[in-house]
2 protein chains.
Amino acid sequence: MHSFENTFPIWEKLTGAQREALTRHVTKRIVPKGTLLQSSAQDCMGLLLISQGQLRLFLVSEEGKEVTLYRLFERDICLFSASCMMPDIQFDIHIEAEKDCELWVIPTNVYKRLMEESAVAANYTNQLMASRFSEVMWLVEQVMWKSFDKRLAGFLLEESVLDDSEVLQITHEKIAAHLGTAREVVTRMLRYFQSEGLVELARGSITLTDRKRLEVLAE
Amino acid sequence: MHSFENTFPIWEKLTGAQREALTRHVTKRIVPKGTLLQSSAQDCMGLLLISQGQLRLFLVSEEGKEVTLYRLFERDICLFSASCMMPDIQFDIHIEAEKDCELWVIPTNVYKRLMEESAVAANYTNQLMASRFSEVMWLVEQVMWKSFDKRLAGFLLEESVLDDSEVLQITHEKIAAHLGTAREVVTRMLRYFQSEGLVELARGSITLTDRKRLEVLAE
């Protein structure tokens, strides 16, 4: 188990007073898998530092369709759970715990004060935003220019790495939500993958049977 | 004609030394319409403050397809022309002058130093990035969930505002590049719009003949 001091990336560069303010206000939150942590920017629970677990950040359309923007893992910081401190962020990001999570929560006003007085913290926040921006630009390129078979192959491989298993326990519905498409589109492509010997479909699971060819396809 | 001091948004909040460093290094650049200012992050010419004119930021796929991310106007600051100062930015943005431009250029190393020593400058940069991030998220939502007729109607209305005219001098090819699709798709939809009485097509121009219905469609 990591301590906050050992995990928060810019700890060493903060002043004594700044460290004290953080220590005084940081809380630990245990969140079971499946919890929806945020469904609009108004929630604004604060900056989240992941001690254990995995978060998914996604968009939801007016009609309730989803698309995954990116995931965050151990030692990552979730910035958009504090987006009320950034009035120029004009979109609602949904955040859910994809695994059981242990999170440190830095209250929004505490972090905002830190950013205002510390160029180090402000520049670090910049760096976080730039790296999330890059993830979203990657998604734009995928959606604009990559055909759906490539995106699906890439998604299956990524899931397999995250779960450390060739057998994915995931419904077609869920995959559709990740990739921002309809369930039928996913089912049709998975059946095609099966007919090509790339995967084996069973009720509630998908087994990757030819990793190499999936990788070639995804590239 | 604006002076740099009157246009740079955080001027009042900088110290004397910081102002002096900016004044010493800022240069003015005149760029004719159509100039490609940047085609990869390596170009990194510095922060651009638009005194006059209009910039377009866009992505280009490996196959040469384009999609417009957003436009910048008078008094806007272009951050991604200095993206080499942010190693977490991992995508190449192309930048072109869409109108004749007069730009102030702040060299990348000068602005980077300013950000490192000034929390005000770092937070302002954050704010810029957040606002560009919002534009790109809007694009993601458009592409994921909005049908092409709505996007095209929205684009024609936006162009008409930018040109201050009901007659757009733009090719179908160019529209396709803005919206990240093929020319044929644009031509087909424009012909449909014409048959519905929304626009009138002529060689090299498109006239908006029913603004109201285009607005309803775009919503």
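Anything mentioned here points back to the structure above.
Residues numbered from 1 in each chain as written. Chains lettered and ligands numbered in written order. Predicted model: local features only at pLDDT ≥ 70, side-chain atom pairs only at ≥ 80, totals over all residues. Heavy atoms only, no water.

**Focus on the interface of chain A and chain B**
Move 1: Every contact between the two is made by 39 residues of chain A and, on the other side, 39 residues of chain B.
Move 2: Around 3,300 Å² of area is buried between chain A and chain B when both sides are counted, 74% of it from carbon and sulfur atoms.
Move 3: In terms of surface lost to chain B, no three residues of chain A exceed Phe133, Met137 and Trp145 of chain A, which account for 23% of the buried area on that side.
Move 4: Linking chain A with chain B are zero salt bridges, by the criterion used here.
Move 5: Linking chain A to chain B there are eight residue pairs in polar contact (both at pLDDT 80 or more). (Contact = heavy atoms within 4.5 Å. Buried area = accessible area lost by both parts, 1.4 Å probe. Salt bridge = Lys/Arg side-chain N within 4 Å of Asp/Glu carboxyl O. Polar contact = N/O pair within 3.5 Å; in protein donor to acceptor, adjacent residues only side chain to side chain.)

**As for the environment of lysine 99 of chain A**
All names here are of chain A.
Move 1: Note on placement: lysine 99 falls in the loop between strand E7 (94–97) and strand E8 (101–106).
Move 2: Once you skip the residues sitting within four places of it in the chain, lysine 99 turns out to touch Val31, Pro32, Lys33, Gly53, Gln54 and Leu162.
Move 3: A polar contact is formed between the side chain of lysine 99 and the side chain of glutamine 54, at a distance of 3.3 Å. (Helix = DSSP H or I, 4+ residues; strand = E, 2+ residues; numbered from the N terminus.)

**Structural notes on the environment of isoleucine 206 of chain B**
Residue and element names in this part refer to chain B.
Move 1: Secondary-structure assignment places isoleucine 206 in strand E11 (residues 205–208).
Move 2: With 37 residues separating them along the chain, isoleucine 206 and glutamine 169 place their C-alpha atoms 6.7 Å apart.
Move 3: When near neighbours in sequence (up to four residues on either side) are disregarded, isoleucine 206 contacts Leu156, Glu166, Val167, Leu168, Ile170, His172, Ile175, Leu190, Val199, Glu200 and Leu201.

**A word on the state of the cysteines**
By definition, a disulfide links the sulfur atoms of two cysteines through a covalent bond.
Residues and elements named next belong to chain B.
Move 1: Inspection of every chain in the model, using the stated rule, returns two disulfides over all chains.
Move 2: Between cysteine 44 and cysteine 84 runs a disulfide, and the two sulfur atoms are separated by 1.7 Å. For the disulfide bridge between cysteine 44 and cysteine 84, the dihedral angle about the S-S bond is near -80°, and by the sign convention the bridge is left-handed. Highlighted residues: cysteine 44 in the loop between strand E2 (36–38) and strand E3 (47–52) and cysteine 84 in the loop between strand E6 (77–78) and strand E7 (94–97), separated in sequence by 40 residues. (Disulfide = S-S within 2.5 Å.)

**Section: the pattern of salt bridges**
Residues and elements named next belong to chain A.
Move 1: For the coordinates displayed, the defined rule picks out 26 salt bridges over all chains.
Move 2: Lysine 112 is the partner of glutamate 116 in a salt bridge, and the nearest nitrogen-oxygen pair spans 3.5 Å. Here glutamate 116 pairs with lysine 112, and both are found in helix H3 (residues 108–117), just four residues apart, close to one helical turn.
Move 3: Taken together, the shared-partner salt bridges in this structure form one network comprising Arg71, Glu98, Glu158 and Glu159.

**Regarding helix H4 (residues 119–145) of chain A**
In an α-helix, one turn spans 3.6 residues; hence positions three or four apart end up facing the same way.
Move 1: With 27 residues, H4 of chain A should reach 39 Å at 1.5 Å per residue; the first-to-last C-alpha distance of 38 Å fits that figure.
Move 2: H4 of chain A sits mainly inside the fold: 21 of its 27 residues count as buried. (Expected span 1.5 Å × (residues − 1). Buried < 20%, exposed > 50% of the residue type's maximum accessible area, 1.4 Å probe, protein only.)

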